[in-house]
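Residue-level listing of the chains:
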Amino acid sequence: MIKLADKNSCTGCMACVDACSKGAIKGVIEQDGHWYPHLSTDKCIECGLCVKSCPIGKSYTNANSSSNAYAAWSNNGDFRQTSSSGGVFPTISQYVIENGGYVVGVCMENSQAKHIVISDVEDIPLLQGSKYQQSDSRGIYAKCRELLIENKLVLFSGTPCQVAGLLSYLKKPYQNLITIDVICAGVPSRLVIDKYRKEVPNSQVVTYRDKVYGWTGLNMTTIESGVKIRNSVNGDILGEAVAGHQTDRYSCYDCKFVGESRKADITIGDFWGGGEYFPEQKNRGLSVLIVHSKKGLDVIDKSGVEYHQIPLIYAIKKNPRIVMGTNIVGKWRLERIFLTNCIKSLSYKNYAALYGGKYSAKWHLLIKLYRYAMWKLGLKYSVNKIKKYIRTYNEC
């Protein structure tokens, strides 16, 4: 009897779905708003390919890697302005496409993040910007393999668990594959987006972050009845619900795919604190790159990205999620345990208080105190853990 990963450990990468040639596994969004595989036993021939393709239980650490950190940014002003940080990903994408390759990344389609393949420079903007939700990756690994077998150059980007899923699915290394994983803080439930769209009819999530007012301002853009609306992520109901980690999938509360040395060629994210090194670049956005392979460094160099080596420990201090994948408080929050019932049953006003931090009734003071206490506990745990990590790092 085939046994897929349970809900506490499943990352929703969907590698098992692509591995099944019999169509016995379907990827579905379940009641908690997260992607899971569903197995049809009547179609299953128990070949075990799905289990072999699952990244759970396999090390994502690159034991042969001596990873180095770099501050980086694009010299293409348009790419940089329309990216969430330094514009590095679209610059590398352009290099790959201009050399006859294909880029696999995430676009927004009807408020749902989705993995797609592009081969035209004009389509690069579709893949730019942060998408704070889990993408629909069904079918993408099979498409990657087809291109790789045809000896096409492929750049794949995704969350660490999705890169791990791809590598596990492929089962062997390909020299024509370049992988980029993002520094990920966890994926929220689809339910928070559906709740917003039900409350605000004819609405769409366009982007979660932009730099209209500079890199430090985190603003999300939605379309409501044809009108484009920009709100700060901090203080916005949808923004707070997405970024608050109260609805993350359970595997994100104990992520197994963090670390300073990874099997991806490049890890990419925001270089928070980068203004201390490059103050003149601060407001335009800076990326941090952690390069794990010679292949990764070669593509950065050839793409024309401007990059400067920085101490890895400094990057970790400013963006602890590089190495820290546990959120012990989040997993046991009441609003996560009872997520499905809370979002379906609560009025929008009470939902906004519990998940969005918008308090409009006197009794919401209790929710405010509860949220603050959970935040303090989580902060204390995270600070202590990263301090311990840094002490250990410095002693080595």
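Quick notes on the rules
Residues numbered from 1 in each chain as written. Predicted model: local features only at pLDDT ≥ 70, side-chain atom pairs only at ≥ 80, totals over all residues. Heavy atoms only, no water. Salt bridge = Lys/Arg side-chain N within 4 Å of Asp/Glu carboxyl O. Buried < 20%, exposed > 50% of the residue type's maximum accessible area, 1.4 Å probe, protein only. Core = buried A, V, L, I, M, F, W, Y, C linked by side-chain atoms within 4.5 Å. Helix = DSSP H or I, 4+ residues; strand = E, 2+ residues; numbered from the N terminus. Contact = heavy atoms within 4.5 Å. Pairing = 2+ DSSP bridges. Axes fitted to C-alpha atoms, helices over the stretch in contact; angles between N-to-C directions. Parallel < 35°, antiparallel > 145°, perpendicular 65-115°, else oblique. Left-handed = near helix turned anticlockwise from the far one by under 90°. Nonpolar A, V, L, I, M, F, W, Y, C, P; charged D, E, K, R; others polar. Phe/Tyr/Trp six-rings, centres within 6.5 Å; stacked < 30°, edge-to-face > 60°. Lys NZ or Arg CZ within 6 Å of the ring centre and 35° of its normal.

Undergrad: Tell me about the pattern of salt bridges, residues and numbers included.
TA: Tallied over the entire structure, the rule returns 11 salt bridges. Notably, a salt bridge pairs lysine 114 with glutamate 109, separated by 3.5 Å at the nearest N-O pair. Residue class for glutamate 109 comes out partly exposed when judged on its relative accessible area of 42%. Linking aspartate 136 and arginine 138 is a salt bridge whose minimum nitrogen-to-oxygen distance equals 2.8 Å. With a relative accessible area of 42%, arginine 138 lands in the partly exposed category.

Undergrad: Can you tell me about the nonpolar core, naming the residues and giving the values?
TA: Counting 25 residues, the largest nonpolar core has Ile92, Val103, Leu155, Leu289 and Ile300 as the members making the most contacts within it. For this core, the secondary-structure elements that each account for two or more residues are β3 (68-73), α4 (88-98), β4 (102-109), β5 (112-118), β7 (177-182), β11 (266-270), β12 (287-291) and α9 (294-303). With 6 residues, α4 is the largest single contributor of residues to this core. In this structure valine 103 touches Phe89, Ser93, Val96, Ile97, Ile116, Val117, Ile118, Leu127 and Leu155, once residues within four positions along its chain are discounted.

Undergrad: Got a sec to walk through the sheet that holds strand β6 (residues 154-158)? Specific residues and values, please.
TA: Read from one edge of the open sheet, 8 strands run β5-β4-β6-β7-β11-β12-β3-β13, paired in mixed fashion. Of all the strands in the sheet, just β5 and β13 (306-310) have a single pairing partner and so form its edges. Going from strand to strand, the sheet's axes swing by 30 degrees on average, the running direction of each strand aside. As judged from the 5 bridges shared by β11 and β12, these two strands associate in the antiparallel manner. Its bridge partner lying in β12, isoleucine 266 is registered against valine 291.

Undergrad: Lay out helix α14 (residues 348-356) in plain terms, naming residues and giving numbers.
TA: Most of α14 is tucked away, with 8 of its 9 residues classed as buried. For α14, the set of buried residues is Tyr348, Asn350, Tyr351, Ala352, Ala353, Leu354, Tyr355 and Gly356. Packing partners of the buried residues in α14 comprise α7 (190-199), α8 (237-243), α12 (334-337), α13 (339-345) and α15 (364-395). Glycine 357 sits one or two residues past α14 and shows a positive phi near 70 degrees.

Undergrad: Explain the pairing of strand β10 (residues 227-232) residue by residue, including any values.
TA: Here 6 bridges tie strand β9 (residues 219-224) to β10, and the two strands are oriented antiparallel to one another. Residue pairing in the sheet places methionine 220 in a bridge with asparagine 231 of β10. A loop of 2 residues connects β9 with β10, the two strands running antiparallel in sequence, and serine 225 in this loop sits at a positive phi of about 55 degrees.

Undergrad: Can you explain the packing of α14 against α15? Please cite residues and give values.
TA: Closest axis-to-axis distance for the α14/α15 pair is 9 Å, and the angle between their directions is 20 degrees. Taken together, the axes of α14 and α15 lie roughly parallel to each other. Here α14 runs over α15; the crossing is right-handed. Facing α14, whose interface residues are Lys349, Asn350, Ala353, Leu354, Tyr355 and Gly356, α15 presents His364, Ile367, Tyr370 and Arg371. Residue composition of the contact of α14 with α15, grouped by class: 5 nonpolar, 3 polar and 2 charged.

Undergrad: Mind laying out the sheet that holds strand β8 (residues 203-207), listing which residues take part and the relevant values?
TA: If you walk across this open sheet you meet the 3 strands as β8-β9-β10, and the pairing is antiparallel. Only two strands of the sheet have a single neighbouring strand rather than two, namely β8 and β10. Direction aside, the axes of adjacent strands within the sheet are offset by 30 degrees on average. Along the sheet, α7 contacts β8 and β9; its crossing angle with β8, the most-contacted strand, is approximately 130 degrees.

Undergrad: Go over the packing of aromatic side chains, please, and point to the residues and values.
TA: This model, assessed by the stated rule, comprises 14 aromatic pairs. A centroid spacing of 6.4 Å and a plane angle of 40 degrees characterise the contact between phenylalanine 271 and tyrosine 277, whose relative ring orientation is tilted. By relative accessible area, phenylalanine 271 is classed as buried at 1%. Residue class for tyrosine 277 comes out partly exposed when judged on its relative accessible area of 37%. Over the ring of tyrosine 36 we find lysine 7, and its NZ or CZ is 5.2 Å from the ring centre. The residue whose ring lies beneath arginine 336 is tyrosine 250, and the NZ or CZ to ring-centre distance is 4.0 Å.

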